[in-house]
Amino acid sequence: MAPTTVARLAAAHVAFRAVLYAAQCTQLLLGVTASHTPGLNALPTLCGLAAVACASAAAISASASLPPALPSPPSADAALVGVALYAACARARFSSLAPSDLRSAGAFAARRASLAASPRYATRAERKLIHQLGRRHGCHSCGARAPPFHADHVPPLWDARRPPRAAWRRVLRRPAPLRFHPQCLACSGKQAALLSALSAGREVPVWARSVLHTPPLRSAASVAGNALVACALASENGCRAAAAPFEVAARLSLHATASMRRYKWRHQHAKRAGGVPSIRFVCKDIFTGISLKFAGVMSPSKTAQRKHEPHWPN
């Protein structure tokens with residue numbers, strides 16, 4: 001591998017991880033955590049999706065900024081491909097890019113990396129299994145794989161003894177199920193201090209009850225960032241297979257832009273006629289165009305022609 005290629009990959013990797021960490025710090029300031037955002041359960045996922053898109057665009061820009069100057073895909077196309085690569089990684093969740101809340105399951109919590117628990121402490125056999133799960137999957141709060149690991153109750157026993165937050169659980173009198181998750185010593189100490197403060201009725205700031213983490217090198221985020229830049233570099237060197245994702249992203253962006261132009265045209269004419277414009281045909285047009293593109297029926301040239309038509313079709 002040429003030194004220039006290595007430098008481009010390194011610069012893109014650093015930029016990708018830096019943007020993800022900056023996005024995580026921003027979410028911490030806003031009080032958004034992986035699994036404890038009251039009333040806004042979809043917000044961590046949306047923030048993670050936006051973070052991956054921005055990180056992908058930043059990675060491509062960082063790679064293209066190094067000499068010699070090479071043509072690079074547009075930022076919008078890079079963002080779409082980066083999001084698709086991250087979603088295609090094994091069991092990747094966009095919400096796992098948010099900070100972990102020590103009062104609930106962390107960003108790296110997964111059912112396959114936990115054990116069914118009871119209010120009692122873990123037995124020796126359960127602690128042994130938790131140690132193995134921690135070595136394999138890492139701490140559920142910060143992702144660290146350095147032993148030893150504690151068997152952490154999720155939700156914590158202090159919280160599990162209180163009435164459930166979910167209304168349907170309170171009505172049916174079904175408490176949240178307890179599970180053991182592996183947790184490193186550092187996060188366990190922070191959680192103990194947090195629960196002591198909450199038990200005493202003291203107010204705890206958001207930064208004291210959350211854990212920041214950087215994506216491990218083997219995580220889906222790192223794999224997606226490296227794969228994105230590798231595809232971009234391969235496409236610059238003439239690899240058709242590597243250029244295919246960026247071509248698909250460009251076609252989808254072009255079709256979405258054309259659909260919004262049609263909606264704007266329809267909105268103006270409906271407003272002049274005194275009618276109520278509908279956005280239903282826009283969604284139908286977008287999904288129809290996407291299916292036609294993947295089926296190979298619609299070519300980019302036809303899309304470009306439709307974009308410049310003086311009268312938009314119904």
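Located above this text is the structure these notes cover.
Everything in this summary refers to the structure shown in the same document. In this text the structure is predicted, and so the values were computed from the model without any measurement.

1. Observations concerning the packing of aromatic side chains
So, step 1. The full count for this structure, using the stated rule, is 1 aromatic pair.
So, step 2. On the numbers, 4.9 Å between centres and 40° between planes, the contact of Tyr 86 with Phe 94 is tilted.
So, step 3. Looking at Phe 94, the relative accessible area reads 14%, which means it is buried.

2. Focus: the environment of Ala 88
So, step 1. Among the secondary structure elements, Ala 88 is positioned in helix α3 (residues 75-88).
So, step 2. When the C-alpha positions of Ala 88 and Ala 224 are compared, they lie 8.5 Å apart, and in sequence the two are 136 residues distant.

3. Observations regarding α3
So, step 1. If you check α3, its first and last C-alpha atoms are 20 Å apart, about what 14 residues at 1.5 Å a residue would give, namely 20 Å.
So, step 2. Among the residues of α3, Asp 77, Ala 78, Ala 79, Val 81, Gly 82, Val 83 and Tyr 86 are the ones counted as buried.

4. Let's talk about the packing of helix α2 (residues 43-64) against α3
So, step 1. Between α2 and α3, whose axes approach to 8 Å, the crossing angle comes to 125°. Classified by the angle between their axes, α2 and α3 sit oblique to one another. Both α2 and α3 take part in a crossing whose hand is right-handed. Across the interface between the two elements, Leu 49, Val 52, Ala 53, Ser 56, Ala 57, Ile 60 and Ser 61 from α2 touch Ser 75, Ala 78, Ala 79, Gly 82, Val 83 and Tyr 86 from α3.
So, step 2. Tallied by class, residues from the contact of α2 with α3 come to 9 nonpolar, 4 polar and no charged.

5. A short note on unusual backbone geometry
The phi torsion of most residues other than glycine is negative, and most of the peptide bonds are trans.
So, step 1. Look at the link from Pro 147 to Pro 148: it is a cis peptide, with omega at 5°.
So, step 2. Inspection of the secondary structure puts Pro 148 in the loop between α4 (124-137) and β3 (149-154).
So, step 3. Of the consecutive residues Val 154 and Pro 155, the connecting peptide bond is found in the cis state with omega at -5°.
So, step 4. Residue position: Pro 155 is located in the loop between β3 and α5 (157-160).

Rules and cut-offs
- Residues numbered from 1 in each chain as written.
- Predicted model: local features only at pLDDT ≥ 70, side-chain atom pairs only at ≥ 80, totals over all residues.
- Heavy atoms only, no water.
- Phe/Tyr/Trp six-rings, centres within 6.5 Å; stacked < 30°, edge-to-face > 60°.
- Buried < 20%, exposed > 50% of the residue type's maximum accessible area, 1.4 Å probe, protein only.
- Helix = DSSP H or I, 4+ residues; strand = E, 2+ residues; numbered from the N terminus.
- Expected span 1.5 Å × (residues − 1).
- Axes fitted to C-alpha atoms, helices over the stretch in contact; angles between N-to-C directions.
- Parallel < 35°, antiparallel > 145°, perpendicular 65-115°, else oblique.
- Left-handed = near helix turned anticlockwise from the far one by under 90°.
- Contact = heavy atoms within 4.5 Å.
- Nonpolar A, V, L, I, M, F, W, Y, C, P; charged D, E, K, R; others polar.

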